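Residues per chain, in single letters:
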Amino acid sequence: MLYYISARGGGLKHFEATMVETHQNFGKRVADLNRKNVLMANGYYTTVRADGLVIARPAKRSIAVPFKTLLFLGVLFFIFKALVLSSIGPGTYQIRLGKLQSGTVIEQAGAWVLGIDPVTKAISTKVGPIFRG
């Protein structure tokens, strides 16, 4: 960038103001480059602009949860329901579900999710004797 001091157009004050503005822009550009560099460490792709310049851009990260993790959480949820069912008994469990079913929409959704299903019942019959003695 070429700077000159002229008698017309602000002179030295204009030069100093331009230098301060350029320095501020430089700091922002350096911060942007550092941020882009960190993002590109996780992968990048390149594109070619119309003028032929090759531009590297950070790869877009997808928020993907592995199938095994979802399956593990599902199994863990059913085991938790079965442990609660076997520890407090089916009668008390149904009473508590009834209270949830008569509540707000969110509580009704919780009652539906926590309801006794065949998988929970089967697991509960297997682990029930462990809790009862």
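Here's what I pulled together on the structure shown here.

Analysis parameters
Residues numbered from 1 in each chain as written. Predicted model: local features only at pLDDT ≥ 70, side-chain atom pairs only at ≥ 80, totals over all residues. Heavy atoms only, no water. Helix = DSSP H or I, 4+ residues; strand = E, 2+ residues; numbered from the N terminus. Buried < 20%, exposed > 50% of the residue type's maximum accessible area, 1.4 Å probe, protein only. Contact = heavy atoms within 4.5 Å. Areas by Shrake-Rupley, 256 points an atom, 1.4 Å probe, with all protein chains shown as cover. Salt bridge = Lys/Arg side-chain N within 4 Å of Asp/Glu carboxyl O. Axes fitted to C-alpha atoms, helices over the stretch in contact; angles between N-to-C directions. Pairing = 2+ DSSP bridges. Nonpolar A, V, L, I, M, F, W, Y, C, P; charged D, E, K, R; others polar. Expected span 1.5 Å × (residues − 1). Arc of directions from axis to C-beta.

1. Focus: the overall build of the protein chain
Phase 1 of the analysis: Summing up its helical and strand segments, the protein chain has 5 helices and 2 strands in all.
Phase 2 of the analysis: Its helices and strands in sequence order give the protein chain the pattern α-β-β-α-α-α-α, from N to C terminus.
Phase 3 of the analysis: Each of the 133 residues in the protein chain was classed as buried or not, and the buried ones make up 12%.
Phase 4 of the analysis: For the protein chain, restricting intrachain contacts to residue pairs at least 6 apart in sequence, the fraction spanning at least 24 positions comes to 33%.
Phase 5 of the analysis: Element-wise, carbon and sulfur atoms account for 66% of the exposed surface of the protein chain, whose accessible area totals about 11000 Å².

2. Here's the deal with the pattern of salt bridges
Phase 1 of the analysis: Considering all chains together, one arrives at 4 salt bridges under this definition.
Phase 2 of the analysis: Ionic pairing is found between D32 and K28, a salt bridge with its closest N-O pair at 3.0 Å. A residue pair is termed a helical-turn pair when its members lie 3 or 4 positions apart in one helix, as D32 and K28 do in helix 1 (residues 11–40) at 4 residues.
Phase 3 of the analysis: Accessibility expressed as a relative area gives 29% for D32, which makes it partly exposed.

3. Quick look at the packing of helix 2 (residues 67–88) against helix 3 (residues 90–101)
Helix packing for two helices is described by the angle between their axes and how far apart those axes are.
Phase 1 of the analysis: The geometry of helix 2 relative to helix 3 is characterised by a closest axis approach of 6 Å and an angle of 115° between their N-to-C directions. Where helix 2 abuts helix 3, its residues K81, V84, L85 and I88 lie against P90, T92, Y93 and R96.

4. Overview of the pairing of strand 1 (residues 44–48)
Phase 1 of the analysis: Two strands pair when backbone bridges link them, and strand 1 and strand 2 (residues 54–58) are joined in this way by 5 bridges, in the antiparallel orientation. Paired with T47 across the bridge in strand 2 is I55.

5. Things to note about the packing of helix 3 against helix 4 (residues 105–113)
Phase 1 of the analysis: Orientation of helix 3 relative to helix 4, taken along the N-to-C sense of each, is 145°, at an axis distance of 7 Å. Across the interface between the two elements, L97, L100 and Q101 from helix 3 touch E107, Q108 and A111 from helix 4.
Phase 2 of the analysis: Grouping the constituent residues of the contact of helix 3 with helix 4 by class yields 3 nonpolar, 2 polar and 1 charged.

6. Comments concerning helix 2
Phase 1 of the analysis: For helix 2, which comprises 22 residues, the first-to-last C-alpha distance of 32 Å matches the rise-based estimate of 32 Å (1.5 Å per residue) to within 8%.
Phase 2 of the analysis: Where helix 2 is concerned, the buried positions are K81, A82, L85 and S86. Taken down its axis, helix 2 places every buried residue within 130° of arc, on the same side. In helix 2, the exposed positions angled more than 90 degrees off the buried face are occupied by K68 and F72.
Phase 3 of the analysis: A positive backbone phi angle near 90° is found at G89, which sits one or two residues after helix 2.

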